[in-house]
Structures are given as C-alpha cells and as structure tokens.
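# Observations on the three-dimensional arrangement
Here's the letter readout for the chains.
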Amino acid sequence: MVLVKFEPPIAVLGAGMEAQDVVVYLLRHDCTDITVCDEKETFDGAPFPNGVTMRFGKSAFKNLQNFKTIFRSPGVRLARLELKDAAEKGSLITSGIKE
C-alpha cells in the first residue's frame, strides 16, 4: 500500500463524521497544520483533537487557496467557486472517499 503524504497546510471542509475520520487519519499519519472549515455558525459534534484549528460561519471557506491540500466532505460540491479558485492556484482537492 502506498501512503500519500499530504502537504500542509490542510483544510477539511465540513465538520461531520467523515471530516472527523479524515482528521484522525491525517493525525495518525503525522500530518500537521490542519484546519476544519464549516459554514455552520455553531458546532455541536464531538470535539476535534488538540492542535486542529476550526473556522466556522459564512466566511469559513474564504481564502481556501492558502491551503496546499483540501479535503471536501460529500456535502461540499466540487463546483463551488472557492474550490475552483483554490485548484487553479495549485491546491490539491480530494475527499475521504474517492468519487
């Protein structure tokens, strides 16, 4: 099995169960500089591990081009302008489940 090393900084879009699993996976594989971004104003899920930055609210997806790697949850459409801009500027866009 080939393990891909994802380049930081890393954004995880969405804060649901899949995002939590992605964060755990990344931390287990020594990835650093992880930020979870969700457009919901509040978060009532299980807490993310220490060292993971969280951005919530309407501006959570701003400046995604500043991340080298972006994991999107299934509810975050690949056609979003923020993701297109980030991809054009060289960010790797991926997901926990390869579609």
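This text gives an overview of the structure that appears in the document. (Residues numbered from 1 in each chain as written. Predicted model: local features only at pLDDT ≥ 70, side-chain atom pairs only at ≥ 80, totals over all residues. Heavy atoms only, no water.)

### A closer look at the nonpolar core
Threshold: As used here, the term nonpolar core means buried Ala, Val, Leu, Ile, Met, Phe, Trp, Tyr and Cys residues forming a set that is joined through side-chain atoms within 4.5 Å. Throughout, exposure labels follow a simple rule: accessible area from a 1.4 Å probe, protein chains only, divided by the maximum for the residue type, with under 20% read as buried, over 50% as exposed, and the rest as partly exposed. Helix numbering and strand numbering both begin at the N terminus, where a helix is a DSSP run of H or I of at least 4 residues and a strand a DSSP run of E of at least 2. In what follows, residue pairs with any heavy atoms lying within 4.5 Å of each other are defined as contacts.
The biggest cluster of nonpolar side chains holds 14 residues, and the ones touching the most others in it are Ile10, Val12, Val23, Leu26, Ile34, Val36 and Phe71. Listing elements by their share of this core, those giving two or more residues are strand S1 (10-13), helix H1 (17-28) and strand S2 (34-38). For this core, the element with the highest residue contribution is H1, accounting for four residues. If near-sequence neighbours (up to four positions away) are discounted, valine 12 is found in contact with Ala19, Val22, Val23, Leu26, Ile34, Thr35, Val36, Cys37 and Phe71. One finds Ala11, Cys37, Val76 and Leu83 within the second-largest nonpolar core, a separate group that totals twelve residues.

### What to know about the sheet that holds S2
How we decide: Pairing between two strands requires that DSSP report at least two bridges joining them. Between the N-to-C directions of two axes lies an angle of 0 to 180 degrees, each axis being a line fitted to C-alpha atoms and, for a helix, fitted only over the stretch in contact.
Across the sheet, which stays open at both edges, the five strands sit in the order S3-S2-S1-S4-S5 with parallel pairing between neighbours. The open sheet has two free edges, formed respectively by strand S3 (53-56) and strand S5 (92-95), since each of these has just one partner strand. Sheet twist, expressed as the average angle between the axes of neighbouring strands with direction ignored, equals 20 degrees. As paired elements, S1 and S2 share four bridges and run parallel to each other.

### What to know about the pairing of strand S4 (residues 69-72)
Operational definition: Consider the strands pointing away from the viewer: the crossover is right-handed when the path from the first strand over the helix to the second runs clockwise.
Here S4 shows no split at all, with Thr69 and Phe71 on one side and Ile70 and Arg72 on the other all buried. The pairing of S1 with S4 spans four bridges and is parallel. By the bridge assignment for S4, alanine 11 is matched with isoleucine 70. Examined bridge by bridge, S4 and S5 share four bridges and lie parallel to one another. Looking at S5, one finds that threonine 69 is bridged to leucine 92. Taken together, S4, helix H2 (residues 81-88) and S5 constitute a β-α-β crossover, and its handedness is right-handed.

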